[in-house]
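Inside the fold
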Amino acid sequence: MKNISEILENVKTVGIGGHIRPDGDCIGSCMALYLYLRKCFPEIEADVYLENPKPVFDYIDGMDEVKTEAEEDKVYDLFITCDVSALDRLAVARKYFDTAGKTACIDHHVSNRGFADVNHVKGDIGSACEVLYGLLDADKIDQSIAIPLYTGMAHDTGVFQYSSTTPETMRIAGELMKTGFDFSRIIDESFYQKTYLQNQVMGRVLAESILLQEGKCVVGYLKRREMDFYGVEGNDMEGIVSQLRLTAGVEVAIFIYELETQRFKVSLRSNGKVDVSKIAVFFGGGGHVRASGCDMQGSMYDVINNLTAEIEKQLAEE
Ligand SMILES: [Mn+2]
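This text gives an overview of the structure that appears in the document. Source: prediction; values computed, not measured.

**What to know about helix α7 (residues 196-208)**
When the terminal C-alpha atoms of α7 are compared, their 19 Å separation across 13 residues agrees well with the 18 Å that a helix rising 1.5 Å per residue should span. Contacts made by the buried residues of α7 are with β7 (217-222), α8 (224-230), α9 (240-245) and β8 (252-260).

Here you go:
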C-alpha cells in the first residue's frame, strides 16, 4: 500500500482499533488516522476504539469521541488496526474486526505475521505513527493530526533516542513540528512526568536492584505486597526498566513485577548485544530487538534464573 486512500474505495464506514494497554504510539497512530479520515474523507463514518486511554493524552483532539467499549452491533466496511502486533493483542473491538467487510493492519512490530487482508507492516521503522505518516498526504496533515503523530513517534523512539530513530524519523518530526505546537510540553507531560508516588516506587526498585552476570545484567523487581503498600499498578511503573538499562556496563535490564502469586510481568531492555525479542518470544511474549516483554510463572528466583540463562546463551554466542 502506498496511500491510505487505496483501501478506502467504496468504503462508507471505518472502525479503527489499537492494542491492549495502549501506549503513546498506539493512541497516537489510532487518533491520527481517525482525525485524518475525519478531515480528508468526511463522507466516511469513522469510529476509534481504545482501551481506557490515560488522561495524560487528553491534549490530543477527539479523545472525548473515543469508544472504550464495543457496545453497538455494527458491521464496518473496513476495520484498521494500528500498532497491533497480533490479533490477540487487539483491544475492545475484536468483534468488529471479525465481522468487517475488509481488514487492514498498520504496524511496525517485527513479530507481526500479517493477520489482516491488507498488511502494511514495516518492522524496521521505529513507530506505528511513522509507518502511518508514510500512508498520508503530507500536505493534508494539520496541527491536530500532527500532534498525535509526533506523540507516537516521540514515545516509541524514547524521545528520538533509540537506534530505531533515523534521519527520516527526524525529517518527519521536523515536518510535523512546522504545524506549530508545544512539543516540549507534550514530551514532558505525556512521557517523562511521574507522580510523586511513581517516583518513590522507581526509587525503591533502583535501590533494591541487583547486578548479575558480572554486571552485564541488572534486575529490578516489585512484589505484590509492595505494590499494594504503595497502591500502584503496572502502568505506574513505566520508565523503570528504561532507567535500569542506563546502568553503566549493563547489556540487559530486566524489570519484574508480580501480577498475582507466582505470576510475573517481565519487561526487558537491551543495549544492543542481546536480542531481547527472542527471549520474550521464547517465553511466550513479544516485542522488539531492544525492548520486549512477556508473562512468566513460578517463583521470582525461577523467573530470574530462566531469563538470565537465555541472556547468558546469547552473550556466549556473541
Ligand atoms: Mn508502537
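**Overview of the nonpolar core**
As a rule of thumb, soluble globular proteins bury nonpolar side chains together. In terms of nonpolar packing, the biggest core is built from 52 residues, with I4 and L149 touching the most fellow members. Element by element, the count of residues in this core is highest for helix α1 (residues 24-40), at ten residues. Each residue touching I4, except ones within four places of it in the same chain, is listed here: L33, Y36, I80, I106, L135 and L136. Counting residues in hydrophobic clusters, the runner-up holds 20 residues, among them C217, V274, C294 and I304.

**Quick look at the environment of E175**
Secondary-structure assignment places E175 in helix α5 (residues 167-177). Once the C-alpha coordinates of E175 and A138 are considered, the two residues, 37 residues apart in sequence, prove to be 8.5 Å apart.

**Side note on the pattern of salt bridges**
Summed over all chains, the structure comprises 21 salt bridges. For K67, the salt bridge goes to E72, with nearest N and O atoms at 3.9 Å. The partly exposed category is assigned to K67, whose relative accessible area is 25%. We note a salt bridge from R94 to D98, for which the minimum N-O separation is 3.0 Å. Remark: D98 and R94 occur in helix α2 (residues 94-99); sequence separation between them is four residues, near one turn of the helix. Of the residues examined, D98 reaches a relative accessible area of 48% and is grouped as partly exposed. Each of E260, R263, K265 and D295 takes part in salt bridges that share partners, so that together they form one network.

**Thoughts on the sheet that holds strand β9 (residues 263-270)**
Ordered in space as β6-β7-β8-β9-β11-β10, the six strands form an open sheet in which the pairing is mixed. The outermost strands of the open sheet, each flanked by one partner alone, are β6 (210-212) and β10 (286-287). Direction of pairing for β6 relative to β7: antiparallel, over a ladder of three bridges. Residue I210 lies in a different strand from β7, and its bridge partner there is V219. Most of the contacts of α7 go to β7, to which it runs at about 130°, and overall it touches β6, β7 and β8.

**Side note on the packing of α1 against helix α4 (residues 143-156)**
One way to put it is that α1 packs onto α4 with a least axis distance of 8 Å and a crossing angle of 160°. On the basis of the axis angle, α1 is roughly antiparallel to α4. Between α1 and α4 lies a crossing of left-handed hand. Of the residues in α4, those touching α1 at G24, D25, G28, M31, A32, L35, Y36 and K39 are S144, I145, P148, L149, T151, G152, H155 and D156. Class assignment for the residues of the contact of α1 with α4 results in seven nonpolar, six polar and three charged.

**Topic: the sheet that holds strand β5 (residues 118-121)**
On the basis of which strands lie adjacent, the open sheet formed by five strands has the order β2-β1-β3-β4-β5 and parallel pairing. Of all strands in the sheet, those bounded by a partner on one side alone are β2 (45-49) and β5. Ignoring which end each strand starts from, the neighbouring axes of this sheet average 15° apart. Where strand β3 (residues 78-82) and strand β4 (residues 102-107) come together, five bridges link them in parallel fashion. Following the sheet pairing, C82 is matched in β4 by I106.

**A word on α4**
Here α4 is 14 residues long and its end C-alpha atoms lie 20 Å apart, about the 20 Å a rise of 1.5 Å per residue gives. Across the 14 residues that make up α4, a large majority, 13, are buried. At the C-terminal side of α4, G158 shows a positive phi close to 60°.

**Focus: the pairing of β8**
Across the nine residues that make up β8, a large majority, seven, are buried. Of the strand pairs in this sheet, β7 and β8 are connected by six bridges, and their pairing is parallel. What sits directly across from V218, in β8, is A253. One ladder, built from eight bridges, connects β8 with β9; its direction is antiparallel. Of the residues in β9, the one forming a bridge with I254 is L268.

**Some remarks on the packing of aromatic side chains**
Under the counting rule described, the total for this entry stands at 13 aromatic pairs. Between Y49 and Y76, the ring centres sit 6.2 Å apart and the planes meet at 80°, which makes this aromatic pair edge-to-face. Highlighted residues: Y49 in strand β2 and Y76 in the loop between β2 and β3, separated in sequence by 27 residues. We classify Y49 as buried; its relative accessible area is 1%. Summarising the aromatic geometry, the rings of Y150 and F183 are spaced 6.5 Å apart at their centres and angled 50° between planes, so their arrangement reads as tilted. Within this pair, whereas Y150 is found in helix α4, its partner F183 is found in helix α6 (residues 183-192), the two being separated by 33 residues in sequence. A residue is classified by how much of its surface remains accessible, and Y150, at 3% relative accessible area, is buried. Through a chain of ring-to-ring contacts, the aromatic side chains of Y49, Y76, F79, Y96, F97 and F115 assemble into a single cluster.

Conventions adopted
- Residues numbered from 1 in each chain as written.
- Predicted model: local features only at pLDDT ≥ 70, side-chain atom pairs only at ≥ 80, totals over all residues.
- Heavy atoms only, no water.
- Helix = DSSP H or I, 4+ residues; strand = E, 2+ residues; numbered from the N terminus.
- Expected span 1.5 Å × (residues − 1).
- Contact = heavy atoms within 4.5 Å.
- Core = buried A, V, L, I, M, F, W, Y, C linked by side-chain atoms within 4.5 Å.
- Buried < 20%, exposed > 50% of the residue type's maximum accessible area, 1.4 Å probe, protein only.
- Salt bridge = Lys/Arg side-chain N within 4 Å of Asp/Glu carboxyl O.
- Pairing = 2+ DSSP bridges.
- Axes fitted to C-alpha atoms, helices over the stretch in contact; angles between N-to-C directions.
- Parallel < 35°, antiparallel > 145°, perpendicular 65-115°, else oblique.
- Left-handed = near helix turned anticlockwise from the far one by under 90°.
- Nonpolar A, V, L, I, M, F, W, Y, C, P; charged D, E, K, R; others polar.
- Phe/Tyr/Trp six-rings, centres within 6.5 Å; stacked < 30°, edge-to-face > 60°.

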